[in-house]
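Observations on chain architecture
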Amino acid sequence: MPAITLYTVPQCADCEAIKRLLQHHGATYTEKNVRGDPEALAEMQRRANVRIAPVTAIGEHVFYGPFDEQRPRILAALGSGTS
Amino acid sequence: MTSSPARPDPAAPGAAHLTYFVDGMDCASCVQKVERMVAGLPGTADVKTSFTKQTLSLDLDETQTGRATLERNLKALGYTPSLLEQPKSTVPRAEAAGHDHSGHDHAGHGHVHEAPRPGQPWYASGQGKLVLISGVLLALAWLFSFIEPQFAISGYIAATLLGVWPLANKAVASARLGDPFSINMLVSLAAIGAVLIGQAAEGAVVVFFFAVGELLEGVAAGRARAGIQALAALAPKTALLVEGSGVREVPADALTVGQTVQVNPGARVPADGAILTGTSSLDDSPVTGESVPVSKGAGDSVYAGSINTDGVLTVRVEKAASDNTIARIIHLVEEAEGSKAPTARFIDRFSRYYTPGVVLVSALVALVPPLLFGAAWHTWLYKGIALLLIGCPCALVLSVPAAITSGISAGTRRGLLIKGGAALETIGTVKTIAFDKTGTLTAGKPCVTDVVASQHLDRNEVLRLAAAVEAGSSHPLAKAITDAAQQAKLTLPAVTEAQAIPGKAVTATVEGRTLSVSSPRHAASLVNLPADLSDTIRTFEEQGRTAVVLLDRNTPLGVLAIRDEPRPEAKAAIAQLHNLGVNTVMLTGDNARTGQAIARDLGLDVRAELLPEDKLRLIADLKARGGVAMVGDGINDAPALAQSDVGIAMGGGTDVALETADAALLQERVTGVADLVSLSRATMGNIKANIAFALGLKAIFLVTTLLGYTNLWMAILADTGATALVTANALRLLRWKGREARPTRNTLPHTTPHRA
């Protein structure tokens, strides 16, 4: 299983949804709150080149945008990661 | 702001291409909210958001919507735009375009209250300046009314317009988002109406007091927040770093994970960490609100800010200062208090009926008598506007947010962390509270209570073999058995070919024999258990213990009984909840007999032998029947917590618990649940009393003013008085101490929570 990092901000519905999704699939992930944490924000920008959460990094794959758009890609990445 | 009026880029004739960096727009739902608002403005086109740069770019026809209006609308939503000097021509296209997910958490309401930051005096905030300037204008106008009434009227009009401007903007912003009947709209209408009928003085005073009310709310929130901030100050500034054989004093925020610090008696712990050497009693009150010291030894966790009452400790630092428990709690509470949407929900719902009602009644009063009965226009127009003015609810807008902020702060100081107004509002209204068993109602540390040997075996021999089989397993029951063997000082033989059938048995080869430790049901499916052994097992289970059978192939060797003791205060907590009129139920995956025995002891209902999906189904069921709060450890039962109306995590500040649940009990005490329920009810009671008081006063003055017994001025002054009283009443919640009658808390000998 590749390492999963989730970059989030508090009170963010899309972030919560992705957390639930990952939990639902039994994936372990590291969450980083980028609001008020310049280091995490810099890391997120370095990996995804975006400033807006949520950003999901699964191994080599990095996804951003709203939950609806990320969901199928996350599921695909999780599927290929386990096989 | 950097909104310097640089001339629009002449790229598109009539339309300027603008790019803003939008502070605060850092989540996908925020982006959606901003895009929807901006696209709804007349004269906007090609609205794009850059996820990369956190910027918003658009083509804006400034003859239709001014740049200032756009910026104010953004601010009204809680985002601060800064215009970028160079409009980027190659803004990367955001992925966000065209997505559509259910409209959650949009702040459709108008008033964004800025609380003064600690250290910032009230008059330095934007709201404070507004109040000061319009107050000065009012005073000047009043003075001029003695000298030259013409000037006075201009002064009143100026003060009214100044005060109404921000309100009207917020009202328009809300109206664009589909909420035309905000409180701001009502106040704006009333003030403008007052100017139109030549009563600018009244209008100015109403607007002034409305602004004062909003300012007071900010001050109240700041005061509640200061209480929490004070907690942060409890963490010491310096630490004694252990280096080689010596000790050196260093700043606490320079500590890094893995360093070792020394904590002397009477000093405060400088960082979150684990005790390496030493034993002491620690007062964890900054983190948990529990002031009775807890005895801790090597391996136990300590929190930054706790007081080391006796004994010298060395502690391994496990969290940097910015990330320690107390910092996270403060951050979460600030988030909770700052989350505007849930805090303002109640008042928004309310104003959706109140504002149109007042406008309608005023219109009827102003129009019907002159039109139908030929009464004098001016008299009735005046009465109509008077109604609008009286209807302006300074006291009302204050009552909800001030009370919620105070409630959250009061809870935090008692170790009840509530993550937002919505959770605080809901906890007191649920009909049922569901508890997870292991680790919530029980201590989560099972131990072996009995060993029964069959045939002529020695009891220690049964324990020794069972422990050997379980040695490789991390299951809590396995740990209980190996711990018991260790306590009995038994030397465990080596095992080979250990394997587990999850939930049923563990099998291994020990000293040449194939042994297994099995659940009674699984054992019974393999062999015929002797009657006396079956009886023993049933007896154990009826006593709330979990039984396992040790088998040598198909020969039972003995039975071990394991019990996870209920927390000492659990029974009292359940009784308290029943006194509050809340149903309680225990959800467990354990077998029915064991579950029932524990539930019977504690006095609550039970649903046993549940699979995780059964728990979710039950929660959904209870949710439909009057609401349910779920109490769990926040780690194993996160889905159930998420599914319930309010998820309450028990756990001394673990990340997961703090993150997943709506509320967390920082002291691991079940009685905190009852405290949460009563705090929620106290807060909602406070809010309802405030609203009833403010509305009642309005109703009285409405009638007496229409009948001519009181005039507009008296009504306005009464509302100001009500504003002050309502604020004071809300701040009273800060002193909330829980229910007074609390015999269990004071007379129980304090049992310190142990950490394994």
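Residue numbers restart at each chain and count upward from 1, following the sequence in its written direction. As they are written, the chains are lettered A onward and the ligands numbered 1 onward, keeping that order. Whole-chain, interface and lining totals are the exception, using all residues; otherwise, since this is a predicted model, local features are given only for residues with pLDDT of at least 70 and side-chain atom pairs are given and counted only at 80 or more. Calculated side-chain values reflect all of the structure's heavy atoms, with hydrogen atoms and water omitted.

1. Some thoughts on the sheet that holds strand β2 (residues 30-33) of chain A
Residue and element names in this part refer to chain A. Read across the open sheet, the four strands follow the order β2-β1-β3-β4; overall the sheet is mixed. The open sheet has two free edges, formed respectively by β2 and β4 (61-64), since each of these has just one partner strand. Between one strand axis and the next, the sheet turns by 15 degrees as a mean value, whatever way the strands run. Should DSSP find at least two bridges between two strands, the strands are taken to pair. Numbered from the N terminus, helices here are DSSP runs of H or I no shorter than four residues, and strands are runs of E no shorter than two. As defined by bridge partners, strand β1 (residues 4-8) adjoins β2 across four bridges and the pair is classed as parallel. Following the sheet pairing, T5 is matched in β2 by T30. In what follows, a contact means two residues having at least one pair of non-hydrogen atoms within 4.5 Å. To get an axis, fit a line to the C-alpha atoms, keeping to the stretch in contact for a helix; angles then go from 0 to 180 degrees between the N-to-C directions. Contacting β1, β2, β3 (55-58) and β4, helix α2 (residues 38-48) crosses the sheet at an angle of about 115 degrees to β1.

2. Focus: the pattern of salt bridges
Residue and element names in this part refer to chain B. Each reported salt bridge corresponds to a side-chain nitrogen of Lys or Arg within 4 Å of a carboxyl oxygen of Asp or Glu. Following the criterion strictly, the structure yields 19 salt bridges over all chains and no others. Across the pair D601 and R563 runs a salt bridge, and its minimum N-O distance is 3.7 Å. Taken together, the residues D601 in helix α19 (residues 592-602) and R563 in strand β21 (residues 555-563) connect sequence positions 38 residues apart. On the basis of relative accessible area, R563 is assigned to the buried category, the value being 10%. D614 serves as the salt-bridge partner of R617, at 3.5 Å between the closest nitrogen and oxygen. Each residue is placed in one exposure class: buried if its accessible area under a 1.4 Å probe, protein chains only, is under 20% of its type's maximum, exposed if it is over 50%, and partly exposed if it falls in between.

3. Looking at the confidence of the model for chain B
Per-chain confidence: chain B averages 77 in pLDDT, with 80% of residues scoring 70 or above. For every residue, the pLDDT score states the predictor's confidence, bounded by 0 at the bottom and 100 at the top. Throughout residues 1-12 of chain B the model reports pLDDT below 50, and contacts reaching past four residues in sequence, or to other chains, amount to 18 contacts.

4. Here we look at empty space enclosed by the protein
Residue and element names in this part refer to chain B. Whether a set of points on the 1 Å grid over the protein atoms alone is a cavity depends on a 1.4 Å probe fitting there but being unable to get out, while an open set qualifies as a pocket with protein on both sides within 12 Å along at least five of seven lines; lining residues are those with an atom within 4 Å of a point. Grid points are joined across faces, edges and corners, and a volume is the space filled by probe spheres set on the points. Per the stated rule, a full pass over the model turns up six cavities of 30 Å³ or more. Elements with a contribution of two residues or more to the lining of the second largest cavity: α23 (671-707) and α24 (712-732). Among the elements that take part in the lining of the second largest cavity, α23 stands out by supplying four residues, more than any other. Charged residues are taken to be Asp, Glu, Lys and Arg, nonpolar residues to be Ala, Val, Leu, Ile, Met, Phe, Trp, Tyr, Cys and Pro, and polar residues to be all remaining types, Gly included. Across the lining of the second largest cavity, the residue classes break down as six nonpolar, no polar and two charged.

5. A short note on the nonpolar core
We call a set of buried Ala, Val, Leu, Ile, Met, Phe, Trp, Tyr and Cys residues a nonpolar core when their side-chain atoms join them within 4.5 Å. One finds B:I433, B:F435, B:L441, B:L577 and B:I648 to be the most contacted residues of the largest nonpolar core, which totals 83 residues. No other element matches the 10 residues that α23(B) contributes to this core. Taken domain by domain, this core gets at least three of its residues from each of domain 2 (123-228 + 338-401 + 691-729) and domain 4 (416-442 + 567-666) of chain B. Once residues lying within four places of it in the same chain are set aside, the contact partners of B:I433 are B:L577, B:V582, B:N583, B:T584, B:V585, B:A629, B:V631, B:V673 and B:V677. Counting residues in hydrophobic clusters, the runner-up holds 33 residues, among them A:V34, A:A48, B:C27 and B:M37. Note that domain bounds follow an automatic or database assignment of domains.

6. What to know about α2(A)
All names here are of chain A. Restricting attention to buried positions, one finds in α2 the residues A40, L41, E43, M44 and A48. Mapping the buried residues of α2 onto a view down its axis gives an arc of 160 degrees, with all of them on the same face. Among the exposed residues of α2, those pointing more than 90 degrees away from its buried face are P38, E39 and R46. Contact partners of the buried residues in α2: β1, β2, β3 and β4. Within two residues after α2, N49 carries a phi angle of roughly 60 degrees, on the positive side. Working definition: the arc comes from the directions between the helix axis and the C-beta atoms, pointing outward to the latter.

7. Remarks on the sheet that holds strand β15 (residues 432-436) of chain B
All names here are of chain B. In space, the seven strands of this open sheet follow the order β14-β26-β25-β24-β15-β22-β23, with mixed pairing throughout. The sheet is open, and its two borders are formed by β14 (416-418) and β23 (605-607), each paired with just one other strand. For this sheet, the mean inter-axis angle between neighbouring strands, taken without regard to orientation, is 20 degrees. Sheet topology places β15 next to strand β22 (residues 583-587); five bridges connect them, and they run parallel. The residue bridging A434 from the neighbouring strand is V585, located in β22. Together, β14, β15, β24 (628-632), β25 (646-650) and β26 (663-665) form the strand contacts of α23, whose direction differs from that of β14 by roughly 50 degrees.

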